[in-house]
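For reference, the chains in residue letters:
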Amino acid sequence: MWTLFGTHVYYTYSADKAWLDSIWARFTRGVTFITNKIDGNGLLNVTGTNDWARDGQGGENIAANALLYGVLVRAASLAQIEGDAALATSYATRAANLKTQINARLWDTSAGAYKDNPTSTMIPQDGNALAVWYDVVDSRTKARSISYVLGENWNDKGSRAPEFTFGTGIPRISTFASSMELMGHFQAGYDTRGLDMIRSMWGYMLDAPHGTRSTIWEGLNSDGSFAYQGPFQSLSHGWGTGPTSALTYYVLGLAPETVAGQTYHVIPHPGDLTHVEGKLTMAPGKVVFTRDRKSTRLNSSHITI
């Protein structure tokens, strides 16, 4: 599913229609394979449990179901690009049905967040973060509630993931799931909380004397030591790069709205910052945006290239 999702990301940045045409048959086979795992409850039933070292993968898992929703929404957009309106409608309908079942079967009202699967009491970081980031939530109230719930897992080193314990029951800090959580806080509208998370967690990794002081780690223990030992611990891992896109797409507020980046929105999330400046280069051209809290450029706007 991450590969299917990444197909949409790549096309958005490259606008390489010839490439999309060349892989389209394989893309649709991938979507068919994974949607065939949707069960009688209308949820994806995970049978291959290898994942990012999280505990308890498998079954009607919120993280996998949220990811599938994100895939189907983006697959519908790509189908339109490929000129297949019927397939686009089919993907969009499957996405809507999946969203309905996720909210009906996995939302835990007492916790104010999604449980890991219908029989679990665990409230995972990854699935809840993805649900907000990918708009699986069916109300703004749920998004804001999840932001609060995830914030309760913070210590001074980062956000502890209940599903990342290596079987010990002691939550560790995943830069992968935390990158998802970071996006979720901004998506929920809690901009300062997102900035605080960057300062605390990523600031810790950049300042810690046992790190490189220049790169981001694969994972941490709750006390700030390395979560993976020996050669299994990466101190320069792509999983931890959430702030890179969060600062552009949310804080600066510049992001593509359409496949192949023809239209962009400018919706700043400055939080407690007084100045944000940057640029984003996409396939059709270049957008430059600078912003100051005191300027008249506070309002959201749209740019078409």
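In what follows, the accompanying structure is described. Because the structure is a prediction, the values reported are computed rather than measured.

On to the nonpolar core, then. If you look at the biggest cluster of nonpolar residues, it comprises 56 residues, and the most contacted ones within it are Phe 27, Ile 102, Tyr 114 and Ile 146. Counting residues per element, the ones that place at least two in this core are helix H1 (2-14), helix H2 (17-35), helix H3 (62-81), helix H4 (85-105), strand S2 (113-114), helix H5 (125-133), helix H6 (140-151) and helix H7 (175-188). Per-element tally for this core: the top contributor is H3, with 12 residues. Here Phe 27 is in contact with Leu 4, Thr 7, Ala 75 and Leu 78, once residues within four sequence places are set aside. In terms of nonpolar packing, the next biggest core, distinct from the first, is built from 27 residues, Ile 173, Ile 198, Tyr 204 and Phe 289 among them.

Moving on, we come to the packing of aromatic side chains. Centre distance and the angle of the planes are the two values used to describe a pair of aromatic rings. Under the criterion given, the structure shown has 17 aromatic pairs. Relative to Tyr 228, the ring of Phe 166 lies with its centre 5.5 Å away and its plane at 70°, an arrangement referred to as edge-to-face. Remark: Tyr 228 occurs in the loop between strand S5 (219-220) and helix H9 (242-252) and Phe 166 occurs in the loop between strand S3 (160-161) and strand S4 (172-174); sequence separation between them is 62 residues. Taken together, Trp 2, Phe 5, Trp 52, Trp 133, Tyr 134, Phe 164, Phe 166, Phe 176, Tyr 228 and Trp 239 form an aromatic cluster joined through their ring pairs. Its end group placed over the ring of Tyr 134, Arg 74 keeps NZ or CZ at 5.2 Å from the ring centre. The ring of Tyr 190 carries Arg 193 above its face, with NZ or CZ at 4.5 Å from the centroid.

Tallied over the full model, the rule gives 9 salt bridges. Close ionic contact of Lys 17 with Asp 21 constitutes a salt bridge, the shortest N to O distance being 2.7 Å. Placement of the pair is Lys 17 and Asp 21 together in helix H2, with a separation of 4 residues, close to one helical turn. Bridged by salt links that share partners, the residues Lys 17, Asp 21 and Glu 82 form one connected network.

To find leftover empty space, a probe the size of one water molecule is rolled over the atoms. For the structure on display, the rule yields 2 cavities of 30 Å³ or more. Counted as a void, the largest cavity has a volume near 40 Å³. If you trace the largest cavity, you find it lined by Trp 154, Asn 155, Gly 158, Ser 159, Asp 196, Met 197, Ser 200 and Met 201. Of the residues contributing to the lining of the largest cavity, the split by class is 3 nonpolar, 4 polar and 1 charged. What the second largest cavity holds in volume is close to 30 Å³. Ala 129, Val 132, Ile 146, Ser 147, Leu 150, Glu 181, Gly 184 and His 185 together form the lining of the second largest cavity. At the level of elements, H5, H6 and H7 are the ones that each hand at least two residues to the lining of the second largest cavity. Residues of the lining of the second largest cavity, tallied by class, amount to 4 nonpolar, 3 polar and 1 charged.

Cut-offs applied
- Residues numbered from 1 in each chain as written.
- Predicted model: local features only at pLDDT ≥ 70, side-chain atom pairs only at ≥ 80, totals over all residues.
- Heavy atoms only, no water.
- Core = buried A, V, L, I, M, F, W, Y, C linked by side-chain atoms within 4.5 Å.
- Buried < 20%, exposed > 50% of the residue type's maximum accessible area, 1.4 Å probe, protein only.
- Helix = DSSP H or I, 4+ residues; strand = E, 2+ residues; numbered from the N terminus.
- Contact = heavy atoms within 4.5 Å.
- Phe/Tyr/Trp six-rings, centres within 6.5 Å; stacked < 30°, edge-to-face > 60°.
- Lys NZ or Arg CZ within 6 Å of the ring centre and 35° of its normal.
- Salt bridge = Lys/Arg side-chain N within 4 Å of Asp/Glu carboxyl O.
- 1 Å grid on protein atoms, 1.4 Å probe; cavity = no way out; pocket = protein on both sides within 12 Å on 5 of 7 lines; lining within 4 Å.
- Points joined across faces, edges and corners; volume = space filled by probe spheres on them.
- Nonpolar A, V, L, I, M, F, W, Y, C, P; charged D, E, K, R; others polar.

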